[in-house]
Amino acid sequence: MTRALILGGTADASLLAAEIARARIDAVYSYGGRTRTPADQPLPTRIGGFGGVSGLADYIRRERITHVIDATHPFAAEMSRHAIEACAQTGTPLIALERAPWTKAPGDIWIEVADVTAAAAALPETPANVFLAIGRQHIAPFAAKPQHVYTLRFVDPPEAPLPFAADVIVSRGPFTFDGELAMMRARSIAWIVARNSGGDGARAKIDAARMLGLPVIMIARPKLPERLRVESVAEIMQWLGHRACLGA
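These lines cover the structure that appears in this document, whether it is placed above or below. Note that the structure is a prediction, hence the values are computed from the model and not measured.

### A short note on the packing of aromatic side chains
Part 1: In the structure shown here, the tally under the stated rule is four aromatic pairs.
Part 2: A centroid spacing of 5.2 Å and a plane angle of 65 degrees characterise the contact between Phe50 and Tyr59, whose relative ring orientation is edge-to-face.
Part 3: The buried category is assigned to Tyr59, whose relative accessible area is 8%.
Part 4: Measuring from centroid to centroid gives 6.2 Å for Phe142 and Tyr150, while their planes differ by 70 degrees, and the two rings are edge-to-face. We note that Phe142, like Tyr150, is buried.
Part 5: The ring of Phe50 has Arg46 sitting right over it, with the charged end atom 3.8 Å from the ring centre.
Part 6: Geometry around Tyr59 places Arg46 over its ring, the cationic atom sitting 5.3 Å from the centre.

Quick look at the structure:
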């Protein structure tokens, strides 16, 4: 019998969970625990880490997991690497549900960098209003340039002091083009720092930046070992041996 483990935390993972629940496939949805108020899922849910590769491998064996679906954020590289190693150790089939990255469109002003440290270095020395759209786990390198006025946006209020002065917006996406445009204009944003997450839920800020002619420092996705990867819930369902009935 199929028993799937969804490594989730994204909008795509939630869509997959709903489809798996409709198909009555035995599955567990796992949150990494970074969000204090995660969205409810129609599947049995666990929250928190596994304890590294060995902990995940033990969980797969103990819970008799037959398939693992990595539907984490494209920048959750550590979890993805752990999944690759744990599945190799246990002989468990693994597939990644990974949205396609954004590609540069006419009118985009992108400065493409390899990581967060390079993104901080790419900001100008002259003080500017900067929107950091990168999540709270990755902001420390920007303390090296405290002259800027930073706007941050988190799902949860920060629990610990930030490494620099910033205006924090607490909000959960998806965000609209008009909303992003209004936010950037109201705060006189001059620079945007973003991770190339892909998908539609976070794209509005990129479209708004193009409209306003603003430069975007775009952080590339981390490199991962080769693995089976698809971009749609329907392909995951086919891999599991079930037909998708999206929209039913």
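### Let's talk about the sheet that holds strand S4 (residues 67-70)
Part 1: Reading across from one edge, S3-S2-S1-S4-S5-S12 is the order of the six strands in this open sheet, with parallel pairing throughout. A strand with exactly one partner marks an edge of an open sheet, and here the two such strands are strand S3 (45-47) and strand S12 (229-230).
Part 2: Bridge count for strand S1 (residues 3-7) against S4 is four bridges, and the pairing is parallel. Residue pairing in the sheet places Leu7 in a bridge with Asp70 of S4.

### Examining the environment of Ala234
Part 1: Tracing the backbone through its elements, the reader meets Ala234 in helix H7 (residues 233-240).
Part 2: A sequence separation of 215 residues divides Ala234 from Glu19, and the C-alpha atoms of the two residues are 8.9 Å apart.

### Comments concerning the layout of surface pockets
Part 1: Looking at the second largest pocket, its volume works out to about 230 Å³.
Part 2: As for the second largest pocket, its lining consists of Pro74, Glu98, Arg221, Pro222, Lys223, Leu224, Pro225, Glu226, Arg227 and Arg229.
Part 3: Looking at the lining of the second largest pocket, its residues break down into four nonpolar, no polar and six charged.

### Some points on empty space enclosed by the protein
Part 1: Scanning all chains against the criterion turns up two cavities of 30 Å³ or more.
Part 2: Forming the walls of the largest cavity are Asp70, Thr72, His73, Pro74, Ser80, Ala96, Leu97, Glu98, Leu224 and Arg227.
Part 3: Looking at the lining of the largest cavity residue by residue, the classes come out as four nonpolar, three polar and three charged.
Part 4: Looking at the second largest cavity, its volume works out to about 40 Å³.
Part 5: Thr10, Asp12, Ala71, Thr72, Pro74, Leu97, Glu98 and Arg99 are the residues that line the second largest cavity.
Part 6: Here the residues of the lining of the second largest cavity sort into three nonpolar, two polar and three charged.

### Notes on unusual backbone geometry
Part 1: Unusually for a residue other than glycine, Arg24 sits at a positive phi of about 60 degrees.
Part 2: One can find Arg24 in the loop between helix H1 (11-22) and strand S2 (26-31).
Part 3: Non-glycine residue Ser188 carries a positive phi angle of around 50 degrees.
Part 4: Considering the arrangement of structural elements, one finds Ser188 in the loop between helix H5 (177-186) and strand S10 (191-195).

Thresholds, definitions, all that
Residues numbered from 1 in each chain as written. Predicted model: local features only at pLDDT ≥ 70, side-chain atom pairs only at ≥ 80, totals over all residues. Heavy atoms only, no water. Phe/Tyr/Trp six-rings, centres within 6.5 Å; stacked < 30°, edge-to-face > 60°. Buried < 20%, exposed > 50% of the residue type's maximum accessible area, 1.4 Å probe, protein only. Lys NZ or Arg CZ within 6 Å of the ring centre and 35° of its normal. Pairing = 2+ DSSP bridges. Helix = DSSP H or I, 4+ residues; strand = E, 2+ residues; numbered from the N terminus. 1 Å grid on protein atoms, 1.4 Å probe; cavity = no way out; pocket = protein on both sides within 12 Å on 5 of 7 lines; lining within 4 Å. Points joined across faces, edges and corners; volume = space filled by probe spheres on them. Nonpolar A, V, L, I, M, F, W, Y, C, P; charged D, E, K, R; others polar.

As far as function goes, none of this settles anything; it's purely spatial.
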